[in-house]
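These are the residues of each chain, in order.
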Amino acid sequence: MSNPIVLIPARLRSVRLPNKPLALIAGRPMIVHVVNRAKEADIGPVYVACAEPEIVKAVEDAGGLAVLTEPTLPSGTDRIYQALCKIDPDGRFDQVINLQGDLPTVSPKTVRDVVTPLIELGTDMSTLANPTEDQREVHDPNVVKAIVSMDPSNDRLGRALYFTRAAAPSGPGPVMHHIGIYGFTRQALERFATLKPSPLEKRERLEQLRALENDITIGVSVVYSVPFGVDTPEDLARARAIIEVSPERANSLDLG
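Residues numbered from 1 in each chain as written. Predicted model: local features only at pLDDT ≥ 70, side-chain atom pairs only at ≥ 80, totals over all residues. Heavy atoms only, no water.

Student: What am I meant to see in the pattern of salt bridges here?
Tutor: Close approach of charged atoms lets side chains of opposite charge pair. By the definition in use, this model includes 10 salt bridges. The closest approach of N and O atoms between lysine 20 and aspartate 231, which form a salt bridge, is 3.3 Å. In this pair, lysine 20 sits in the loop between β1 (4–10) and β2 (24–25) while aspartate 231 sits in the loop between β11 (218–222) and α10 (233–245), placing the two residues 211 residues apart along the sequence. By relative accessible area, lysine 20 is classed as buried at 14%. Of the residues examined, aspartate 231 reaches a relative accessible area of 28% and is grouped as partly exposed. For the salt bridge of arginine 136 with aspartate 134, the shortest nitrogen-to-oxygen distance reads 3.1 Å. Judged by relative accessible area, aspartate 134 falls into the partly exposed class, the value being 26%. If you follow the salt bridges from partner to partner, you end up with Asp88, Arg92, Arg186 and Glu190 in one network. (Salt bridge = Lys/Arg side-chain N within 4 Å of Asp/Glu carboxyl O. Helix = DSSP H or I, 4+ residues; strand = E, 2+ residues; numbered from the N terminus. Buried < 20%, exposed > 50% of the residue type's maximum accessible area, 1.4 Å probe, protein only.)

This is the structure:
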């Protein structure tokens with residue numbers, strides 16, 4: 001049996017797009033769109049782990065659930081762990097989904113897909129990857145690549161061996177474009193939160209390597225689209241165009 005909860009870390013401080021969670025799209029704050037997508041996934045309760053009271057108010061005004069966390073926490077993972085301890089001190093939720101707060105067009109199915117490796121592979125953590133042979137993505141250091149050992153009986157599931165900003169693995173065939181949505185077992189999140197940044201994590205600037213360097217297993221679901229993240233004013237304009245022109249399409253598709 002599993003009892004998941006979805007936690008969405010959110011903070012106002014953003015260099016490229018200040019006050020990003022509160023940016024209006026079709027008349028609603030972006031964070032509210034993400035909450036609604038997560039609710040549509042229908043895998044468990046959805047909370048926003050907020051760094052500031054302004055985000056709490058925006059979420060609660062829209063009928064969502066929010067919890068205030070320390071604004072100085074260094075990462076989204078730290079933020080969801082602190083929120084989880086406040087929401088569920090008795091440990092009722094045994095799986096935790098960490099959904100980024102800047103994915104207003106994420107598909108509910110994509111949110112559900114991140115749970116699958118926890119259940120079917122029994123890994124400590126889970127994440128998503130999209131196979132691509134686009135050479136711009138392959139050689140772009142901003143596109144993180146997952147090195148995945150695929151399950152021989154299921155071409156949609158595998159186990160992560162490594163993550164890198166380099167073009168890898170070598171040789172013919174697609175690379176796996178990593179998508180930064182994570183699932184954790186309760187025990188794995190509690191352990192991860194106590195670990196210090198690891199050498200490879202600091203070198204590659206990839207937090208998930210801390211898990212692998214400490215023998216925390218990560219399962220991967222293969223998906224065939226990449227959620228569209230909002231990081232810049234140009235991204236925000238694109239999200240507005242997508243949702244305001246065709247909200248029903250945004251409800252059903254990841255728009256990479």
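Student: Would you mind going over helix α2 (residues 53–61) with me for this structure?
Tutor: Residues separated by three or four positions in an α-helix point in the same direction, a consequence of the helix having 3.6 residues per turn. Buried residues of α2: Ile55, Val56, Ala58 and Val59, and no others. Along the axis of α2, the buried residues cluster in a sector spanning 165°; they form a single face. Relative to its buried face, α2 has exposed residues pointing more than 90 degrees away, namely Pro53, Lys57 and Asp61. At the C-terminal side of α2, glycine 63 shows a positive phi close to 90°. (Arc of directions from axis to C-beta.)

Student: I tried to follow the nonpolar core on my own but got confused; where do I start?
Tutor: Generally speaking, soluble globular proteins have nonpolar side chains that are buried together. Formed by 33 residues in total, the largest nonpolar core has its most connected members in Ile5, Leu7, Val96, Met125, Phe163 and Phe184. For this core, the leading source of residues is helix α3 (residues 76–87), giving four residues. Among residues more than four places away in sequence, those in contact with methionine 125 are Leu118, Tyr182, Gly183, Phe184, Ala188, Ala211, Ile216, Thr217, Ile218 and Gly219. In this structure, Val32, Ala38, Ile43 and Val48 belong to the second largest nonpolar core, which totals 30 residues. (Core = buried A, V, L, I, M, F, W, Y, C linked by side-chain atoms within 4.5 Å. Contact = heavy atoms within 4.5 Å.)

Student: What is the right way to read helix α1 (residues 30–41) from this model?
Tutor: Between its first and last C-alpha, α1 extends 17 Å over 12 residues, near the 16 Å set by a 1.5 Å rise per residue. When you tally the buried positions in α1, you get 10 out of 12 residues, the bulk of the element. Along α1, the residues that are buried comprise Met30, Ile31, Val32, His33, Val34, Val35, Asn36, Arg37, Ala38 and Ala41. The first or second residue beyond α1 is aspartate 42, which carries a positive phi of 60°. (Expected span 1.5 Å × (residues − 1).)

Student: Can you help me understand the pairing of strand β4 (residues 46–50) in this one?
Tutor: As a general feature of sheets, a regular strand has side chains that alternate between the two faces. In terms of residue burial, β4 counts as a mostly covered element, since five of its five residues are buried. Along β4, one buried face is formed by Val46, Val48 and Cys50 and the opposite face, lined by Tyr47 and Ala49, is buried too. One ladder, built from five bridges, connects β1 with β4; its direction is parallel. Its bridge partner lying in β4, isoleucine 8 is registered against valine 48. In this structure, β4 lies alongside strand β5 (residues 65–68), joined through four bridges in parallel fashion. Looking across to β5, one finds that alanine 49 is bridged to valine 67. With α2 bridging β4 and the parallel β5, this β-α-β connection has right-handed handedness. (Pairing = 2+ DSSP bridges. Right-handed = clockwise from strand over helix to strand, strands pointing away.)

Student: What should I look at first to understand empty space enclosed by the protein in this one?
Tutor: A water-sized probe rolled over the atoms picks out the places where empty space is left. All told, the structure shown has two cavities of 30 Å³ or more when counted by the stated rule. Quantified by volume, the largest cavity comes out at close to 50 Å³. Taken together, Thr77, Met125, Tyr182, Phe184, Phe192, Glu207 and Gln208 make up the lining of the largest cavity. Looking at the second largest cavity, its volume works out to about 40 Å³. Here the lining of the second largest cavity takes four residues from α1, the largest share from any one element. (1 Å grid on protein atoms, 1.4 Å probe; cavity = no way out; pocket = protein on both sides within 12 Å on 5 of 7 lines; lining within 4 Å. Points joined across faces, edges and corners; volume = space filled by probe spheres on them.)

Student: Where do I start with the side chain of aspartate 113 in this structure?
Tutor: Among the secondary structure elements, aspartate 113 is positioned in helix α4 (residues 108–113). Those residues in contact with aspartate 113 that lie beyond four places of it in its chain are Leu128, Arg156, Ser221 and Val223.

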